[in-house]
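Here is what each chain is made of, one letter per residue.
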Amino acid sequence: MKKFVALALVLALVLTGTAFAGVKTKIGLITMDQMDVHWVRLRNAAQAKVDELNKAGNEIEMVWLAPETKDNQQQIEKIQNAVADNVNYIIIACNDGTSANRALQEALDAGIKIIYVDAPATLKASATYATDNFAGGKQIGEYLKALFDKDGVTEGTIGIVDAQAGVQSCQDRYDGFASVFKDTKFVLGERQFSDGDNSKAQELANTMINNGVIALYGTNDGATVGSAAATRDAANNGVKIYCVGWDKSDSNIAYVENGALLAFAAQNPNIMGEKAIEAVVELENGKDLGGVTVDTGVSTVTKENVAQFK
């Protein structure tokens, strides 16, 4: 009978995935900033998973150490703060592929395990849970190109409203998008950096519209919200602008519903946050994740399917 109970307990643990009890550890979560709704969603999902696991008998502490804005030096300081705070794990979305490598290596040397979410560095980590940003950029570019084809539009300039210079995820989104329009008569305008600020992005987009672009592409939530606002205002003045972009937020959903934003690429930050915490538990229980990289997926959100994302 005792053997049966023990076997049943083991099976229950297997079936519930990460419902292990007895894990005691400390995690530092370092995103690119704290203001972007994408990072808030990731943090909330990670914290919800931590709370769930702690109710099952674990003792997991997670601290959110993100800088206020995207800045390489500030992110490096947050890594150093996490090391000084004696965390056992750092879950991080890196601003770019190399700037944080030295600080991350110092964390590894101190015995801290690294897990990447959304945007990895080139330094090897225990696991990565991220969007394939190039593929996502290509996906949203192909959607826009299909709209051009449908409407008989064969040439014109597409304005690029970017976030911050040097952010690898945005670079990949631009590269994927640009690949769609290679060898066409469409021209991509010079990338304009909004720092992810809605108002600044709107100002940049307004200038582009005044200079004759036929479309706008925003590479993150703030850039897209600002671009959609400018597109709405242009439409009120009788000017049609095609607008697409990135990231699920209440604002972008509303702009899709009213037609100012034709589509946006929706990531799955909740999956990134949940999977990263589950990875911590697996590592604590002795599993070697082997540096696995998991693509957490992208959906193209349009007026036809936006209700599913509310």
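See the structure printed just above.
Procedures and definitions
Residues numbered from 1 in each chain as written. Predicted model: local features only at pLDDT ≥ 70, side-chain atom pairs only at ≥ 80, totals over all residues. Heavy atoms only, no water. Pairing = 2+ DSSP bridges. Helix = DSSP H or I, 4+ residues; strand = E, 2+ residues; numbered from the N terminus. Axes fitted to C-alpha atoms, helices over the stretch in contact; angles between N-to-C directions. Contact = heavy atoms within 4.5 Å. Parallel < 35°, antiparallel > 145°, perpendicular 65-115°, else oblique. Left-handed = near helix turned anticlockwise from the far one by under 90°. Nonpolar A, V, L, I, M, F, W, Y, C, P; charged D, E, K, R; others polar. Buried < 20%, exposed > 50% of the residue type's maximum accessible area, 1.4 Å probe, protein only. Lys, Arg positive; Asp, Glu negative; His and termini not counted. Salt bridge = Lys/Arg side-chain N within 4 Å of Asp/Glu carboxyl O. Polar contact = N/O pair within 3.5 Å; in protein donor to acceptor, adjacent residues only side chain to side chain. Right-handed = clockwise from strand over helix to strand, strands pointing away. Core = buried A, V, L, I, M, F, W, Y, C linked by side-chain atoms within 4.5 Å. Expected span 1.5 Å × (residues − 1). Arc of directions from axis to C-beta.

## Some details on the sheet that holds strand E4 (residues 113–117)
The strands making up a sheet associate through hydrogen bonds between their backbones, and the pairing can be parallel or antiparallel. An order of E2-E1-E3-E4-E5-E12 is seen for the 6 strands of this open sheet, with the pairing classed as parallel. Both outer strands of the open sheet, strand E2 (59–64) and strand E12 (292–295), are each paired with one neighbouring strand and no more. Direction aside, neighbouring strands of the sheet carry axes that sit 20 degrees apart on average. Its contacts with the sheet place helix H4 (residues 101–109) against strand E3 (89–92) and E4, and it is angled at close to 140 degrees to E4.

## Examining the packing of helix H7 (residues 198–210) against helix H8 (residues 221–236)
Two elements in contact, H7 and H8, have axes separated by 7 Å at closest approach and are oriented at 45 degrees. Looking at the two axes, H7 sits oblique to H8. Considering only the axes of H7 and H8, their crossing is right-handed. Residue-level inspection shows Asn-198, Ala-201, Gln-202, Ala-205, Asn-206 and Ile-209 of H7 in contact with H8, the latter providing Gly-222, Ala-223, Val-225, Gly-226, Ser-227, Ala-229, Ala-230, Thr-231, Arg-232, Asp-233 and Ala-234. In terms of residue class, the contact of H7 with H8 is made up of 8 nonpolar, 7 polar and 2 charged.

## Considerations on the side chain of Asp-96
For Asp-96, the location among the structural elements is in the loop between E3 and H4. Here Asp-96 sits buried without a salt bridge, and the closest side chain of opposite charge, Arg-191, lies 11 Å off (N-O distance). Here Thr-98 takes part through its backbone nitrogen, which lies 3.0 Å from a polar atom of the side chain of Asp-96. Every residue in contact with Asp-96, bar those within four places of it in the chain, is listed here: Asn-72, Pro-120, Ala-121, Gly-166 and Gln-168.

## Description of the pairing of strand E1 (residues 24–30)
With 6 of 7 residues buried, E1 is to be regarded as a mostly interior element. Pairing analysis gives 6 bridges linking E1 to E2, with the strands arranged parallel. Bridging across to E2, Thr-25 finds its partner in Ile-60. Where the polypeptide runs from E1 across helix H2 (residues 37–55) and back to E2, its parallel neighbour, the crossover connection is right-handed. As defined by bridge partners, E1 adjoins E3 across 4 bridges and the pair is classed as parallel. Following the sheet pairing, Gly-28 is matched in E3 by Ile-90.

## Details of the nonpolar core
Ranked by internal contacts, the top residues of the largest apolar core, which has 30 residues, are Ile-27, Ile-60, Met-62, Ile-91, Ile-115, Val-117 and Ile-277. Mapped by element, the contributors of at least two residues to this core are E1, H2, E2, E3, E4, strand E5 (127–130) and helix H10 (269–284). At 7 residues, the largest contribution of residues to this core is made by H10. Core analysis: the second largest hydrophobic core is formed by 26 residues, Ala-205, Ala-266, Val-301 and Val-306 among them.

## Structural notes on the packing of H8 against helix H9 (residues 250–258)
One way to put it is that H8 packs onto H9 with a least axis distance of 9 Å and a crossing angle of 30 degrees. As judged from the angle between their axes, H8 and H9 are roughly parallel. Crossing of H8 over H9 shows left-handed handedness. Of the residues in H9, those touching H8 at Asp-221, Thr-224, Val-225, Ala-228, Ala-229 and Arg-232 are Ser-251, Asn-252 and Tyr-255.

## Points about helix H5 (residues 133–151)
Helix length check: H5 (19 residues) gives 27 Å between terminal C-alpha atoms against 27 Å at 1.5 Å per residue, within 8%. Along H5, the residues that are buried comprise Asn-133, Gly-136, Gly-137, Ile-140, Gly-141, Leu-144, Leu-147 and Phe-148. Looking straight down H5, one finds that the buried residues subtend no more than 130 degrees of arc, so they occupy a single side. Once H5 ends, the next one or two residues include Gly-152, with phi positive near 75 degrees.

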